[in-house]
Amino acid sequence: MKVLILGIGNIMYSDEGVGVHFVKMMEENFSFLSSEHELEFVDGGTLAMALTPIISSYDSVMIVDCLSCDDGKTGDVFFFDFKKIPLSVRWDGSAHEIEMLQTLELMNMAGDLPEVKILGIVPNRIEPMSFTLSDDVIKASLVMQKSLLKHLETLGFSCKKKANLSILDIAQRCAKKGL
């Protein structure tokens with residue numbers, strides 16, 4: 001089985017880039033092994049519809065992105081099957097979220113959607129450009145990490161820690177590189 005961990009977001013708008021930063025953090029901090037499965041990490045940025053051929057080439061996809069939630073607070077983490085989105089969850093906080101939801105819905109209608117899980121977090125919405133992350137999102141990245149590691153374990157992956165970079169380390173490195 002081919003498994004994809006796909007980070008979505010705009011890193012130039014603080015917490016809006018948490019999906020991308022989180023995926024990079026996981027890829028750099030852990031090595032994942034499976035005798036049966038392949039695992040890849042992809043920075044999907046804000047490409048949405050352009051990701052269709054990539055997403056459809058996998059058997060299982062975990063999308064890491066921001067989301068909105070009725071009564072949700074910054075840093076709240078959600079992990080769910082795309083076909084069972086909780087009623088309180090919305091993807092209306094930014095253009096990249098709406099486009100990603102539309103992409104997944106269109107792929108589903110066309111019969112090209114693999115199994116998709118969503119690892120979502122409620123961001124602190126910041127308008128001016130900034131590469132920083134809110135304290136709530138930094139703390140919540142540990143909850144996200146536990147959720148992802150547990151799910152990958154259920155798929156048959158073992159992991160080995162190889163570094164100890166925080167999500168803030170990754171975001172600051174992106175800011176320095178101007179990426």
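Residues numbered from 1 in each chain as written. Predicted model: local features only at pLDDT ≥ 70, side-chain atom pairs only at ≥ 80, totals over all residues. Heavy atoms only, no water.

> Please explain the overall build of the protein chain as it appears in this structure.
A tally of regular secondary structure across the protein chain gives 5 helices and 9 strands. Helices and strands appear in the protein chain in the N-to-C order β-α-β-β-α-β-β-β-β-α-β-α-β-α. Its C-alpha atoms give the protein chain a radius of gyration of 15 Å, near enough to 16 Å, the size a compact globule of 179 residues would have. Across its three principal axes, the protein chain shows a C-alpha extent of roughly 40 × 40 × 30 Å. Across the 179 residues in the protein chain, those meeting the buried criterion constitute 48%. Carbon and sulfur atoms form 53% of the exposed surface of the protein chain, whose accessible area is close to 8700 Å². Each charge class in the protein chain can be summarised by its mean position, and for the 17 positive and 25 negative side chains these summaries are 7 Å apart. (Helix = DSSP H or I, 4+ residues; strand = E, 2+ residues; numbered from the N terminus. Rg over C-alpha atoms; globule rule 2.2 N^0.38 Å. Buried < 20%, exposed > 50% of the residue type's maximum accessible area, 1.4 Å probe, protein only. Areas by Shrake-Rupley, 256 points an atom, 1.4 Å probe, with all protein chains shown as cover. Lys, Arg positive; Asp, Glu negative; His and termini not counted. Charge placed at Lys NZ, Arg CZ, Asp CG, Glu CD.)

> Whenever I open this one, the nonpolar core confuses me. Can you help?
As a rule of thumb, nonpolar side chains are buried together in soluble globular proteins. Counting residues in hydrophobic clusters, the biggest one holds 28 residues, and the most contacted among them are I5, F22, M26, F32, L39, L148 and L152. When contributions to this core are tallied by element, the ones reaching two or more residues are strand 1 (2-8), helix 1 (18-29), strand 2 (30-33), strand 3 (38-45), strand 4 (60-66), strand 8 (115-121), helix 4 (135-154) and helix 5 (167-177). Filtering out sequence-adjacent residues up to four positions away, I5 remains in contact with V23, L39, E40, F41, V42, M62, V64, L148 and L152. Of all hydrophobic cores here, the second largest spans 23 residues; its members include I8, C69, F80 and V122. (Core = buried A, V, L, I, M, F, W, Y, C linked by side-chain atoms within 4.5 Å. Contact = heavy atoms within 4.5 Å.)

> Mind showing me how you'd approach the pattern of salt bridges here?
Summed over the entire model, instances satisfying the criterion amount to 3 salt bridges. Put simply, D43 and K24 hold a salt bridge, and the shortest N to O gap is 3.7 Å. Linking D43 in strand 3 with K24 in helix 1, this pair joins segments that are 19 residues apart in sequence. Notably, a salt bridge pairs K117 with D81, separated by 3.6 Å at the nearest N-O pair. Of this pair, K117 sits in strand 8 while D81 sits in strand 6 (residues 77-81), placing them 36 residues apart in sequence. (Salt bridge = Lys/Arg side-chain N within 4 Å of Asp/Glu carboxyl O.)

> Before we go on, may I ask you to explain the environment of D65 in this structure?
For D65, the position within the fold is in strand 4. On the basis of relative accessibility, which here comes to 1%, the residue D65 falls in the buried class. In this structure, the C-alpha to C-alpha distance between D65 and L119, residues 54 residues apart in sequence, is 6.6 Å.

> Explanation requested: unusual backbone geometry in the structure shown.
Excluding glycine, a negative phi dihedral is what most residues carry, and trans is how most peptide bonds are arranged. The backbone phi angle of S14 is positive, close to 50°, even though this residue is not glycine. For S14, the position within the fold is in the loop between strand 1 and helix 1. Overall, the relative accessible area of 1% leaves S14 in the buried class. Of note, the phi angle at D71 is positive, near 65°, even though the residue is not glycine.

Everything listed here is a matter of geometry and, on its own, says nothing about what the molecule does.
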